[in-house]
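Descriptive analysis of the structure
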Amino acid sequence: MDRVSSFDEPLKKLLGGATAKVMAEHLDLHTVGDLLHHYPRRYEERGKLTALADLPLDEHVTVLAQVADARILMFNNGRGKRLEVTLTDGSGRLQLVFFGHGVHKPHKELLPGRQAMFAGKVSVFNRKMQLAHPTYQLLDASDADEATEAVDAFAGRLLPIYPACKQLDSWRIAKAVDAVLPSARDAVDPLPASLREGRGFTSLPEALLKAHRPQTKADVEDARARLKWDEAFVLQVALARRRYADTQLPAVARRPVTDGLLDAFDAKLPFTLTEGQEKVSKEIFDDLATEHPMHRLLQGEVGSGKTMVALRAMLTVVDAGGQAAMLAPTEVLAQQHHRSITEMMGELAEGGMLGGSDRGTKVVLLTGSMGMAARRQALLDLVTGEAGIVIGTHALIEDKVQFHDLGLVVVDEQHRFGVEQRDALRSKGKQPPHLLVMTATPIPRTVAMTVFGDLETSVLDQLPAGRSPIASHVVPAKDKPHFLSRAWERVREEVENGHQAYVVCPRIGDDAEEAEGKGGKKAKAKKQAADEDPEKRPPLAVLEIADELRKGALAGLSVEVLHGRMHPDEKDDVMRRFAAGNVDVLVATTVIEVGVNVPNATAMVIMDADRFGVSQLHQLRGRVGRGSAPGLCLLVSEAHEASPARARLSAVAATLDGFELSRIDLEQRREGDVLGQAQSGVRSSLRMLTVIDDEEVIVAAREEAVAIVAADPELEHLPELRTVLAALLDKDREEYLDKG
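In this text, all values refer to a predicted model and were calculated from it rather than measured experimentally. (Residues numbered from 1 in each chain as written. Predicted model: local features only at pLDDT ≥ 70, side-chain atom pairs only at ≥ 80, totals over all residues. Heavy atoms only, no water.)

A count of helices and strands for the protein chain gives 29 helices and 21 strands. Taking the contacts inside the protein chain whose residues are at least 6 apart along the sequence as the reference set, 73% of them involve residues at least 24 apart. With the model as given, the accessible surface of the protein chain reaches about 32,800 Å², and the carbon-plus-sulfur share is 51%. (Helix = DSSP H or I, 4+ residues; strand = E, 2+ residues; numbered from the N terminus. Contact = heavy atoms within 4.5 Å. Areas by Shrake-Rupley, 256 points an atom, 1.4 Å probe, with all protein chains shown as cover.)

Our next topic: the sheet that holds strand β10 (residues 323-327). The seven strands lie next to each other as β11-β12-β10-β13-β14-β9-β15, forming an open sheet whose pairing is parallel. The strands lining the two open edges of the sheet, one partner per strand, are β11 (362-366) and β15 (456-460). Neighbour-to-neighbour, the strand axes of this sheet turn through a mean angle of 20 degrees, independent of strand direction. Pairing geometry for β10 and strand β13 (residues 406-412), over five bridges, is parallel. Note on β13: the bridge partner recorded for Q323 is L406. Contacts between helix α12 (residues 275-288) and the sheet are confined to β9 (295-300), β13, β14 (434-439) and β15, with β15 contributing the most and set at about 160 degrees to the helix. Where helix α13 (residues 306-319) meets the sheet, it contacts β9, β10, β12 (387-392), β13, β14 and β15, and its direction lies at approximately 170 degrees from that of β13. (Pairing = 2+ DSSP bridges. Axes fitted to C-alpha atoms, helices over the stretch in contact; angles between N-to-C directions.)

What follows covers the side chain of K362. As for its position among the elements, K362 is in strand β11. By relative accessible area, K362 is classed as buried at 17%. (Buried < 20%, exposed > 50% of the residue type's maximum accessible area, 1.4 Å probe, protein only.)

So, about the packing of aromatic side chains. A full pass over the atoms with the stated rule returns six aromatic pairs. The interplanar angle of 40 degrees and the centroid separation of 6.1 Å between the aromatic rings of F118 and Y136 together place this pair among those described as tilted. Here the residue F118 occupies a position in strand β5 (residues 115-125), and Y136 occupies one in strand β7 (residues 135-138), the gap between them amounting to 18 residues. This pair shows no difference in class: F118 is buried, exactly as Y136 is. Among the aromatic residues, ring-to-ring pairing joins F98, F118 and Y136 into one connected group. (Phe/Tyr/Trp six-rings, centres within 6.5 Å; stacked < 30°, edge-to-face > 60°.)

Our next topic: the nonpolar core. The biggest cluster of nonpolar side chains holds 57 residues, and the ones touching the most others in it are Y502, V585, V587, I592 and I606. If we skip the residues at most four places from it in the chain, I592 touches Y502, V504, L562, L586, M604, L620 and R623. Ranked by size, the runner-up nonpolar core spans 52 residues in total, among them L396, I443, L721 and V724. (Core = buried A, V, L, I, M, F, W, Y, C linked by side-chain atoms within 4.5 Å.)

A few words now on the sheet that holds strand β16 (residues 470-476). Taken in spatial order, the six strands line up as β16-β21-β20-β17-β19-β18 in an open sheet, and their pairing is parallel. Both outer strands of the open sheet, β16 and β18 (559-562), are each paired with one neighbouring strand and no more. The sheet shows a mean angle of 20 degrees between the axes of neighbouring strands, direction not considered. Note that strand β20 (residues 601-606) and strand β21 (residues 631-637) share four bridges and pair parallel.

Take unusual backbone geometry next. Backbone geometry places D259, a non-glycine residue, at a positive phi of 60 degrees. Within the secondary structure layout, D259 lies in the loop between α10 (217-247) and α11 (261-267). One non-glycine residue, D608, lies in the positive phi region at around 50 degrees. Inspection of the secondary structure assignment puts D608 in the loop between β20 and α23 (614-621). Note on D608: relative accessible area 3%, which makes it buried.

What follows is about the packing of α23 against helix α24 (residues 644-654). It is the contact of α23 with α24, at a shortest axis distance of 10 Å, that shows an interaxial angle of 35 degrees. Here α23 runs over α24; the crossing is right-handed. Of α24, the residues touching α23 (which contributes V614, L617 and R621) are R648, L649, V652 and A653. Its residues assigned to classes, the contact of α23 with α24 shows five nonpolar, no polar and two charged. (Left-handed = near helix turned anticlockwise from the far one by under 90°. Nonpolar A, V, L, I, M, F, W, Y, C, P; charged D, E, K, R; others polar.)

Three- or four-residue spacings in an α-helix give side chains the same orientation, since the helix completes a turn every 3.6 residues. Among the eight residues that make up α23, six are buried, leaving the element largely enclosed by the rest of the structure. Buried residues of α23: V614, L617, H618, Q619, L620 and R621, and no others.

Let's shift gears to the confidence of the model for the protein chain. In this model, the protein chain carries a mean pLDDT of 82, and residues with pLDDT of at least 70 account for 85%. For residues 670-683, every residue scores under 50 in pLDDT, and the model assigns this stretch 43 contacts once sequence neighbours within four places are set aside. (pLDDT = per-residue confidence, 0-100.)

As for its position among the elements, L52 is in the loop between β1 (42-45) and β2 (60-75). The class of L52 is buried, set by a relative accessible area of 2%. It is 6.5 Å that separates the C-alpha atoms of L52 and D89, two residues lying 37 residues apart in sequence. With near-sequence residues (within four places) excluded, L52 lies in contact with V63, A65, L87, T88, D89, S91, G92, R93 and L94.

Here we take up the pattern of salt bridges. All told, the structure shown has 37 salt bridges when counted by the stated rule. The residue R71 makes a salt bridge to E84 at a minimum N-O spacing of 3.6 Å. Pair noted here: R71 is in strand β2 and E84 is in strand β3 (residues 80-88), with a separation of 13 residues, a long-range link. Overall, the relative accessible area of 9% leaves E84 in the buried class. Measuring nitrogen to oxygen at the nearest pair gives 3.0 Å for the salt bridge that ties R486 to E493. By relative accessible area, which is 37% here, R486 ends up partly exposed. Accessibility expressed as a relative area gives 29% for E493, which makes it partly exposed. Put simply, R486, E489, R490, E493 and E494 are held in one network by salt bridges that share partners. (Salt bridge = Lys/Arg side-chain N within 4 Å of Asp/Glu carboxyl O.)

This is the structure:
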């Protein structure tokens, strides 16, 4: 078997169909290489127990502990049996419960003093941490063959604990790893020898062996140092090649013109730009003036004035004879951008029209739901060059849309767009247009280097003058229902003071949604689960909450709804009336998350806030406090006080710093989808590297990668590195990087 193909071997050949199926479905492991790169999460020392005091709630854990006591309890008048086992480790106690027929075997085996590994999901019952029906593996029963085998499987003192799932325990994964470990010898080493020796790294086969079966803690450190470096380095080489290829592309330089549209626009601005806006604008103008395409990421805090910076870039391109397109993720946002840009530009946005400025241009909107006549006119304005600026949704990408001379593409909220869509729009220029990607989700430096490593980065971290602070509080609706009543009183007070409010819910609650949930058995099971465990109830819905508020807490106020399944005209009408102050309270889904700008809205209540991610909550909160009155954001949750969900909400309530929050978000989610689903639609290649903690590794790997690619762009002298790149950056990911 050749050196690469043993890593490509399907797991079912070596492990049998059932185990391979669970690994594929629940852990996304398909080949020998996948399993060899599924590293232990941590290592337990034989004889040393896991600290039980700080186990994470709601997570699947594997612990090494000792049985303190075990007793059988009867319930239901003696018809039901329950086995309760208490584990101890010196730092805390953990309860195990087994029900019904499942009590006999553990009752015989889990005797006081016994040591074992236990795996299950941590929950809270009667204020005590517990594992219900955990699986376990005895470690000290000399007469049990299986137990001896479990201990013998690990030659060293260290027991590897693997990321596992309910269907497959850590020790079963360890057994599977044993079966594929001989293939580690076939690992293709991507590092040039000089680099490996210069940095004192162990060889790749040895690093894999030390990661899975370490004899000592020093083995673990060796393995980690090497494997982290590989992940950072291979990715940075891919990005460096991408950046190099971009510098080889031609583009039309778009240089600023004096006394043009931009100067006229700047002259009528009622305020001065912040220092940050000036600095970032200069970076963008310098890029636009070069003859290869700009690829720049503009990240700015919610409300830092990114749209203003983007608009000035678009006006510069129009001045230089080109056209600019702004791509927004939703119709609501495209309409909002169109409205605010035409308002900011005034008569400059009416080029060629009565009352328009002779220095002006036409600013057109193009969305999927426009009427035929308006659409035909917009398409004509684009192909003739009459319209210098177009704002639209992905309708801009359709084949029918032709530009006279597309010079700049601005993508708002990049994470909402598929890479193919961005690429399709870029292909509409005679030469590749310049690209400006905007995001209001602050991204820590190392993440930007890793995820958007092919884009130069500009950061806007100053808020424009006149912005008000936002107070945020968690409302524990389950423990303290009177807090929720007070939240609605606060909303009423804001409205009585002449302001408006948002109420955000995770779900719409309409017929289409209900129909989707009507899967017979599935729907029944969901209902049953919700009856047994209120935490499993479906998320709160816009239509239901709006109805309750109209009849109850907010009776007498004007309460309207906004969600993604409404007709676009209806959505636009509601937004216009809300912006004009004719609606007191808007109950909405996350369609209001980005770009919606109503300075008079001062309060926001987010229902089931624990069902949203940290950065999403930060985005939503950014919709209030946009005027001169202070903002208020109330995060309503029924999550248990000790749960990770509540910890997330407390973090959001404690700071308005988006960079700090993105860091917390990452630490909690780790990198699962930093490079995974969110960015590229393929599995993350990061197993050992944590982009938050390993900044030094990433920076050093980037420097090495840049030097190597500058010397040998095609990697002709590094065939092993080329092979590993091809395997790691499988076709989907390579295309993703290609289009990034």
